[in-house]
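Summary of structural features
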Amino acid sequence: MTKRTAHGTGARIADSAGSLAAKADLKGRTQARAADLKDKAGALTVQLREGASRAGHHAQDRAAKGGHTTQEQMTKARHVLVERALKAGHVVQEQAERAGHLASEKAVEAGRAAEGHLPRSARGGRFAARRPARPLLIAGAALAVVGAVAAGTLRRLRRH
């Protein structure tokens, strides 16, 4: 064998021995692989935490918007109810006034009709028709009660 061949063969054997030694260093390769996996796991943990944080903020924002929407709808519904109660109160008040006027007119008519059938001595003179008739007083009292109830109801609705 020549020197050159021996040297080349020795170099190849050294390379082969070095590669075999590197392959045989199982502990070193395992530690390097574990370090790589640990770095990847840390990066994934950071990504997962950021994603969870974004999802939490998104859910919180949606819940807040839903709460505000519900609150606005409740306020609108309350205003609608108050308006309807006011309208109903006005209708009741107008009907009570009409009923009171009608009762008053009928009472006056009945009084005049009855006065015509009484003897002169029982008629009470010419000012008898000007005295308030009992049905008129009753109708006025009923109107006052209806007005007071409607006013109290409206005050309670406006407070809430």
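On to the overall build of the chain. Helices and strands together make up the secondary structure of the chain, namely three helices and zero strands. Walking the chain from its N terminus toward its C terminus, one meets helices and strands in the order α-α-α. Considering the chain as a whole, with its 160 residues, one finds that 8% of them fall into the buried category. Carbon and sulfur atoms make up 60% of the accessible area of the chain, which amounts to about 13,600 Å² in all.

Our focus in this paragraph is the pattern of salt bridges. Pairs can form between side chains of opposite charge once their charged atoms are near each other. This model, assessed by the stated rule, comprises one salt bridge. One salt bridge in this structure joins Arg-98 and Glu-94, with 3.7 Å as the shortest N-O distance. Of the two residues, Arg-98 and Glu-94 are both situated in helix 2 (residues 26–117); the distance of four residues between them amounts to about one turn of the helix. Note on Glu-94: relative accessible area 41%, which makes it partly exposed.

Time to look at the confidence of the model for the chain. Caution applies to low-pLDDT parts of the model: their predicted coordinates are not meant to be read in detail. On average, residues of the chain score 78 in pLDDT, and 71% of them reach the 70 mark or higher. When mean pLDDT is compared element by element in the chain, helix 2 scores highest at 88, while helix 1 (residues 3–24) scores lowest at 60.

Mapped onto the secondary structure, Gln-93 falls in helix 2. Residues Gln-93 and Ala-150, spaced 57 residues apart in sequence, show a C-alpha to C-alpha distance of 8.0 Å.

Conventions used here
Residues numbered from 1 in each chain as written. Predicted model: local features only at pLDDT ≥ 70, side-chain atom pairs only at ≥ 80, totals over all residues. Heavy atoms only, no water. Helix = DSSP H or I, 4+ residues; strand = E, 2+ residues; numbered from the N terminus. Buried < 20%, exposed > 50% of the residue type's maximum accessible area, 1.4 Å probe, protein only. Areas by Shrake-Rupley, 256 points an atom, 1.4 Å probe, with all protein chains shown as cover. Salt bridge = Lys/Arg side-chain N within 4 Å of Asp/Glu carboxyl O. pLDDT = per-residue confidence, 0-100.

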